Amino acid sequence: MPEWWVQLVGRFRLWWFGPNWDAPVSRERIAEAAAVFLDGAMTERQFLEWLSVHVGHGSYDDLEDLVGLDDDYDPMDYPDADRWFRESPDAEQSREAVRDAARRLVANYGAL
């Protein structure tokens, strides 16, 4: 296996799982994930799921509503709500709120 591939996979694992996935990650790391989302590599749902796993509840007060959206539209608990969130024109306001929050995170904390 080429060395560049090993390094790439290692960086992806570190980015996705984090060194301490059960602890809240830094705001800079959150901004990095937001930039990946804004570049189109993640959907709104995937970004919310990432936030839920890597930030969690009670970590950052200003992100609590955003983290809570993952609970509201969790595909395991609410498959119909998840589909509504991903596809319904009526959910565009919620999806836009996720995009706006991601833009603010990148603007305030920059992507690494």
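Up top is the structure these notes are about.
No experiment lies behind these values; they were computed from the predicted model shown. (Residues numbered from 1 in each chain as written. Predicted model: local features only at pLDDT ≥ 70, side-chain atom pairs only at ≥ 80, totals over all residues. Heavy atoms only, no water.)

1. A look at helix α4 (residues 64–72)
- The complete set of buried residues in α4 reads Leu66, Val67, Gly68, Leu69 and Asp70.
- Looking at the buried side of α4, the elements it contacts are α3 (44–54) and α6 (92–109). (Buried < 20%, exposed > 50% of the residue type's maximum accessible area, 1.4 Å probe, protein only. Helix = DSSP H or I, 4+ residues; strand = E, 2+ residues; numbered from the N terminus. Contact = heavy atoms within 4.5 Å.)

2. Topic: the packing of α3 against α6
- Interaxial distance between α3 and α6 falls to 10 Å at its minimum, and their mutual angle equals 60°. Taken together, the axis directions place α3 and α6 in an arrangement best described as oblique. Where α3 crosses over α6, the two elements pack in a sense that is left-handed. Touching Glu44, Phe47 and Leu48 of α3 are Arg95, Val98, Arg99, Ala102 and Leu105, all from α6.
- Residue classes in the contact of α3 with α6 are distributed as 5 nonpolar, no polar and 3 charged. (Axes fitted to C-alpha atoms, helices over the stretch in contact; angles between N-to-C directions. Parallel < 35°, antiparallel > 145°, perpendicular 65-115°, else oblique. Left-handed = near helix turned anticlockwise from the far one by under 90°. Nonpolar A, V, L, I, M, F, W, Y, C, P; charged D, E, K, R; others polar.)

3. Re the side chain of Asp70
- By the secondary structure assignment, Asp70 is in helix α4.
- Of the polar contacts made by the side chain of Asp70, one reaches the side chain of Arg45; its length is 3.1 Å.
- Those residues in contact with Asp70, other than ones at most four positions away along the chain, are Arg45, Leu48, Glu49 and Ser52. (Polar contact = N/O pair within 3.5 Å; in protein donor to acceptor, adjacent residues only side chain to side chain.)

4. Here we look at the packing of aromatic side chains
- Scanning the entire structure with this criterion turns up 1 aromatic pair.
- On the numbers, 5.0 Å between centres and 5° between planes, the contact of Phe37 with Phe47 is stacked. With Phe37 in helix α2 (residues 27–38) and Phe47 in helix α3, this residue pair connects regions lying 10 residues apart in the sequence. (Phe/Tyr/Trp six-rings, centres within 6.5 Å; stacked < 30°, edge-to-face > 60°.)

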